[in-house]
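Given next are the chains, with one letter for each unit.
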Amino acid sequence: MTKRDYYKVLDVPKTATEQEVKKAFRRLAMKYHPDRNPHDRDAEARFKEAKEASEVLTDSHKRALYDQHGHAGVEAAARSGGGRGFGGGDAFSDIFGDVFGDIFGGSRRGGRSQVFRGADLRYELQLDLDEAVFGHQVEIEVAKLAECETCHGSGAAKGSTATTCDTCGGVGQVRVSQGFFQLQQTCPHCRGTGSIIRNPCDTCLGQGRVRRTRKLAVKIPAGVDTGDRVRLSGEGEAGRNGGPPGDLYVEVHVREHAIFEREAEHLSCEVPVSFATAALGGAIDVPTLEGDVSLKIPAETQSGRVFRLRDKGVKPVRGGARGDLFCKVVVETPVHLSVEQRELVRQLDESLKLHAGRHAPREKGFLEGVRRFFSRTGDGTAKQPR
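Residues numbered from 1 in each chain as written. Predicted model: local features only at pLDDT ≥ 70, side-chain atom pairs only at ≥ 80, totals over all residues. Heavy atoms only, no water.

### Examining the pairing of strand β15 (residues 325–332)
Inference 1: The pairing of strand β11 (residues 266–274) with β15 spans 8 bridges and is parallel. Residue pairing for β15: V273 is matched across the bridge by V331.
Inference 2: Both strand β14 (residues 306–309) and β15 contribute to a ladder of 4 bridges, which runs antiparallel. Bridge pairing links V306 to K328 in β15. (Pairing = 2+ DSSP bridges. Helix = DSSP H or I, 4+ residues; strand = E, 2+ residues; numbered from the N terminus.)

### A word on the pattern of salt bridges
Inference 1: All chains considered together, the criterion is met by 22 salt bridges.
Inference 2: A salt bridge links K3 to E52, with the shortest nitrogen-to-oxygen separation between them at 2.8 Å. Within this pair, whereas K3 is found in the segment before α1 (6–10), its partner E52 is found in helix α3 (residues 41–57), the two being separated by 49 residues in sequence.
Inference 3: A salt bridge links K22 to E18; the shortest N-O distance between them is 3.6 Å. You can see K22 and its partner E18 sitting in helix α2 (residues 18–32), 4 residues apart, about one turn around the helix.
Inference 4: By relative accessible area, which is 37% here, E18 ends up partly exposed.
Inference 5: Because the salt bridges share partners, they merge into one network encompassing R117, D120, R231 and D247. (Salt bridge = Lys/Arg side-chain N within 4 Å of Asp/Glu carboxyl O. Buried < 20%, exposed > 50% of the residue type's maximum accessible area, 1.4 Å probe, protein only.)

### Focus on the side chain of E237
Inference 1: Summarising the element assignment, E237 is placed in the loop between β8 (229–232) and β9 (248–254).
Inference 2: Once residues lying within four places of it in the same chain are set aside, the contact partners of E237 are G118, A119, L121, K144, L145, R209, R211, P245 and G246. (Contact = heavy atoms within 4.5 Å.)

### Structural notes on the nonpolar core
Looking at soluble globular proteins, one finds that nonpolar side chains tend to be buried together.
Inference 1: Grouped together as the largest cluster of nonpolar side chains are 35 residues, with contacts concentrated most on I140, V218, L248, V250, L295 and C327.
Inference 2: Every residue in contact with C327, bar those within four places of it in the chain, is listed here: C269, V271, V286, L295, R305, V306, F307 and L309.
Inference 3: By size, the runner-up hydrophobic cluster in this structure holds 20 residues, among which are Y6, L10, F25 and A29. (Core = buried A, V, L, I, M, F, W, Y, C linked by side-chain atoms within 4.5 Å.)

### Some words on a nonpolar patch on the surface
Inference 1: A contiguous nonpolar patch, built from F275, L348 and L352 and spanning about 250 Å² of accessible area, is present on the exposed surface.
Inference 2: Examined against the element boundaries, L348 turns out to sit in helix α9 (residues 339–353).
Inference 3: On the basis of relative accessibility, which here comes to 38%, the residue L348 falls in the partly exposed class. (Patch = residues over 30% accessible without salt bridge, like charges linked within 9 Å, V, L, I, M, F, W, Y side chains within 5 Å. Areas by Shrake-Rupley, 256 points an atom, 1.4 Å probe, with all protein chains shown as cover.)

### Re the sheet that holds strand β10 (residues 261–263)
Inference 1: The sheet built from 4 strands is open, its strands ordered β10-β11-β15-β14 with mixed pairing. Either end of the sheet is taken by a strand with one partner, and the two such strands are β10 and β14. This sheet shows a mean twist of 30° between the axes of neighbouring strands, independent of strand direction. (Axes fitted to C-alpha atoms, helices over the stretch in contact; angles between N-to-C directions.)

### What to know about the packing of α3 against helix α4 (residues 60–69)
Inference 1: For the pair α3 and α4, the least separation of the axes is 6 Å and the interaxial angle reads 105°. For the element pair α3 / α4, the angle class is roughly perpendicular. In contact with E55, V56 and L57 of α3, α4 contributes K62, R63 and Y66.
Inference 2: Grouping the constituent residues of the contact of α3 with α4 by class yields 3 nonpolar, no polar and 3 charged. (Parallel < 35°, antiparallel > 145°, perpendicular 65-115°, else oblique. Nonpolar A, V, L, I, M, F, W, Y, C, P; charged D, E, K, R; others polar.)

### Quick word on the confidence of the model for the protein chain
Inference 1: Across the protein chain, the average pLDDT comes to 82, with 81% of residues at 70 or higher.
Inference 2: Put simply, helix α6 (residues 90–104) is where the protein chain has its lowest mean pLDDT, 41, and β14 is where it has its highest, 95.
Inference 3: Under a pLDDT of 50 for its full length, residues 82–113 has, in the predicted model, 76 contacts with residues more than four places off or in other chains. (pLDDT = per-residue confidence, 0-100.)

### Considering the environment of H253
Inference 1: Mapped onto the elements, H253 comes out in strand β9.
Inference 2: Given the relative accessible area of 21%, H253 is considered partly exposed.
Inference 3: Apart from the residues within four sequence positions on either side, H253 is in contact with E124, L125, Q126, L127 and T226.

### Considerations on the packing of aromatic side chains
Inference 1: Evaluated as defined, the whole model comprises 3 aromatic pairs.
Inference 2: Taking 4.7 Å as the distance between ring centres and 35° as the angle between the ring planes, the aromatic pair formed by Y6 and Y66 counts as tilted. Of this pair, Y6 sits in helix α1 while Y66 sits in helix α4, and the two are 60 residues apart along the sequence.
Inference 3: For Y6, a relative accessible area of 4% puts it in the buried group.
Inference 4: The buried category is assigned to Y66, whose relative accessible area is 7%.
Inference 5: Ring plane angle 45° and centroid distance 6.1 Å describe the contact between Y7 and Y66, whose orientation is recorded as tilted. Residue Y7 is located in helix α1, and its partner Y66 is located in helix α4; the two are separated by 59 residues in the primary sequence.
Inference 6: Clustering of aromatic rings is evident, with ring pairs tying together Y6, Y7 and Y66.
Inference 7: A cation sits over an aromatic face here: R229 above Y249, 4.3 Å from the ring centre. (Phe/Tyr/Trp six-rings, centres within 6.5 Å; stacked < 30°, edge-to-face > 60°. Lys NZ or Arg CZ within 6 Å of the ring centre and 35° of its normal.)

Here it is in structure tokens:
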């Protein structure tokens, strides 16, 4: 297989500086690294190709050979063992350390021991609808790893201090040779901290952190909805080796309400109305989150009609106009009628049937539509679909 031009692989000009070559490789490594593209052979090949190009173009001697003789010159020098930098020199390992320090959080070659930020925590908070709409202050308990108060996070017993790791020299990483390359890995002795605790703290056993439950007052702003999060900076787990603490995210979950349903800034509910009120009109009390309000029902109101009460919804937490409350009328059929009441209903029904088209226009229109449909066949039966 013919190798591509190294400059084209990295998409840099032949005048590119070493730093520009490293930057180009970092970009490609982040895109094609096998850990980010599992089981993708094309990405793996792209990564290896970029890695090979970077090794050559960041080594002045290899680059000079490549510019003068192309791939043949580099391969001949590698076979003979001649030339500066062949056999896993520092040039590529520097790039490797830079790239995977950026991607995976490792410390760079020659840097100080690794510092770890504390983990972020998530807390699920259940709220009633009115608490979410109008805001609420609640006290929660969070169990987390906090800084040890005895050793103040150092992990060492009182009167002693940690010593520099002899394996990595305090860097927190060691170099491991793997064939042609040298890789940087977390020091197995100090686990990346760069120091060894020979006399550990009795409270935290040298960890510098202990699990502790803390009570926190959380102010929930008005208008939040399910899925919204309140961030409490620095209230996550304590960092390690002097690292900053993480954050605590309080995630809101609003319980279902017995009456109202919420959709963004609007509320809706069903309002039962008696047959007499729907037919004759009147006023009914409608519940809102701020108390009952009077709703006027016009005469001849049909079941399913929706009335809109403006500004009786929710004020969005991120700003904007307050929503509305939509009330859907449901005409309630009387139940448990006495004999006398049943007779009165029959009399009313007989009276209405005398002028059905006037008193029940929807029913009349529906029946006429059914008759027209069946009359199309000429024999009173509907046509069967083919």
